[in-house]
Amino acid sequence: KAQALLAYLALSAGQWHGRDRLAGLLWSDRQEARARNSLRQALASIRHLGQGLGVDLVVTDGDRVQLPDGVAETDVAAFQKLSDNDPIAATGLYAGDLLDGFTAPDVAFQDWLTGERAALRETACQTFERAVSQAANNGDWRKAVELARRLVGLDPYREASHRQLMELHASVGDRAGAIRQYQAC
């Protein structure tokens, strides 16, 4: 649960979180006193990790906790930063669902993670759409097709993505590819 807590804090670096919220997120099955004690132990584990790295990973202020901004870099933050300005570069950072393969330690954390995954996937789809358009506008058809295929893989039920890939195949004269994509859609 300390890993889950660190991930949660890292994804919102620089933001304060109430101890009650954090305890409820990771130990919702326990009474308040036990949950807060478990939170203290998890924070101590994170502090110990930080000491080994020579940084303060966690800052507390009374009933608030945060991971200071700039202490840790996440691929999510880098992806979101690049998403608007350089969508093609941003697509290189997107490797899949948020915390893919991570087993949620609590139902409340799983609910939070499910929402965050969906939001990030939607941002990724929009970024990939812009990247495909940018690559096509630059005349880099191979890159545009590659990105469009990844976009279809992100959300196979998104008709607009299939349509975009069909149009790319048609634009480069690959009529058979366009028809195959239509059939796959």
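The structure displayed is predicted, hence computed values, not measured ones. (Residues numbered from 1 in each chain as written. Predicted model: local features only at pLDDT ≥ 70, side-chain atom pairs only at ≥ 80, totals over all residues. Heavy atoms only, no water.)

Trainee: Is there a simple way to explain the overall build of the chain in this structure?
Mentor: Looking only at helices and strands, one finds nine helices and three strands in the chain. Reading the chain from its N end, one meets helices and strands in the order α-β-α-α-β-β-α-α-α-α-α-α. Relative to its length of 185 residues, the chain is extended, with a C-alpha radius of gyration of 21 Å against a globular reference of 16 Å. With 185 residues in all, the chain has 36% of them scored as buried. (Helix = DSSP H or I, 4+ residues; strand = E, 2+ residues; numbered from the N terminus. Rg over C-alpha atoms; globule rule 2.2 N^0.38 Å. Buried < 20%, exposed > 50% of the residue type's maximum accessible area, 1.4 Å probe, protein only.)

Trainee: I'm lost on the state of the cysteines in this one. Help?
Mentor: Chemically, a disulfide is nothing more than a covalent bond linking the sulfur atoms of two cysteines. Per the counting criterion, the structure on display carries zero disulfides. The thiol of Cys125 is unpaired, and the distance to the nearest cysteine sulfur, on Cys185, comes to 14 Å. On the basis of relative accessible area, Cys125 is assigned to the buried category, the value being 2%. Its relative accessible area of 45% is what places Cys185 among the partly exposed residues. (Disulfide = S-S within 2.5 Å.)

Trainee: Sorry if this is basic, but what is going on with helix H8 (residues 159-171) here?
Mentor: For H8, spanning 13 residues, the distance from its first C-alpha to its last is 18 Å, which sits close to the expected 18 Å at 1.5 Å a residue. Residues of H8 that are buried: Ser161, His162, Gln164, Leu165, Met166, Leu168 and His169. Next to the buried residues of H8 lie helix H6 (107-137), helix H7 (141-154) and helix H9 (175-184). At the C-terminal side of H8, Gly173 shows a positive phi close to 85°. (Expected span 1.5 Å × (residues − 1). Contact = heavy atoms within 4.5 Å.)

Trainee: Can you help me understand the side chain of Ser12 in this one?
Mentor: Summarising the element assignment, Ser12 is placed in the loop between helix H1 (2-11) and strand S1 (17-18). For Ser12, a relative accessible area of 11% gives the class buried.

Trainee: Just checking my understanding: could you explain the nonpolar core for this structure?
Mentor: Generally speaking, a soluble globular protein has its nonpolar side chains buried in company with each other. Within the largest apolar cluster, 42 residues are counted, with the highest numbers of intra-cluster contacts made by Leu5 and Phe109. Contributions of two or more residues to this core are made by H1, helix H2 (19-26), helix H3 (32-53), helix H4 (75-85), H6, H7 and H8. (Core = buried A, V, L, I, M, F, W, Y, C linked by side-chain atoms within 4.5 Å.)

Trainee: So what exactly am I meant to see when it comes to the environment of Leu120 here?
Mentor: When you line up the elements, Leu120 lands in helix H6. If sequence neighbours within four positions are ignored, Leu120 has contacts with Val76, Phe79, Gln80, Tyr94 and Leu98.

Trainee: Where do I start with the side chain of Ser38 in this structure?
Mentor: Here Ser38 lies in helix H3. Judged by relative accessible area, Ser38 falls into the buried class, the value being 10%. Among the polar contacts made by the side chain of Ser38, one reaches the side chain of Arg30 at a distance of 2.2 Å. Sequence-distant contacts of Ser38, defined by excluding residues within four places in its chain, comprise Trp27 and Arg30. (Polar contact = N/O pair within 3.5 Å; in protein donor to acceptor, adjacent residues only side chain to side chain.)

Trainee: Explain the packing of aromatic side chains here, please?
Mentor: Geometry of an aromatic ring pair is reported as the spacing of the ring centres plus the angle between the planes. Applying the stated criterion to the full structure yields five aromatic pairs. A centroid spacing of 5.2 Å and a plane angle of 45° characterise the contact between Phe109 and Trp112, whose relative ring orientation is tilted. With Phe109 and Trp112 both in helix H6, this residue pair falls three residues apart, about one helical turn. With respect to burial, Phe109 and Trp112 carry one shared label: buried. Through a chain of ring-to-ring contacts, three or more aromatic side chains come together here, namely Tyr8, Phe102, Phe109 and Trp112. A cation over an aromatic ring shows up here: Arg64 above the ring of Trp16, its NZ or CZ 4.3 Å from the ring centre. (Phe/Tyr/Trp six-rings, centres within 6.5 Å; stacked < 30°, edge-to-face > 60°. Lys NZ or Arg CZ within 6 Å of the ring centre and 35° of its normal.)

Trainee: What should I look at first to understand the sheet that holds S1 in this one?
Mentor: Strands belonging to one sheet form pairs held by backbone hydrogen bonds; the direction of such a pair is parallel or antiparallel. With respect to topology, three strands assemble into an open sheet ordered S1-S3-S2, the strand pairing being antiparallel. In this open sheet, the two edge strands, each paired with only one partner strand, are S1 and strand S2 (59-61). As paired strands, S1 and strand S3 (residues 64-66) are joined by two bridges and run antiparallel to one another. Bridge pairing in S3 places Gly18 opposite Arg64. (Pairing = 2+ DSSP bridges.)

Trainee: Just to check I follow, could you spell out the packing of H6 against H8 for this structure?
Mentor: Two packed helices can be described by the angle between their axes and the distance between those axes. One can describe the packing of H6 onto H8 by two numbers: an axis separation of 11 Å at closest approach and a directional angle of 10°. Relative to H8, the element H6 lies roughly parallel. Along this stretch, H6 crosses H8, giving a crossing that reads as left-handed. Taking contact as the criterion, the partners of Glu129, Val132, Ser133 and Ala136 in H6 are, on H8, Ser161, Gln164 and Leu168. (Axes fitted to C-alpha atoms, helices over the stretch in contact; angles between N-to-C directions. Parallel < 35°, antiparallel > 145°, perpendicular 65-115°, else oblique. Left-handed = near helix turned anticlockwise from the far one by under 90°.)

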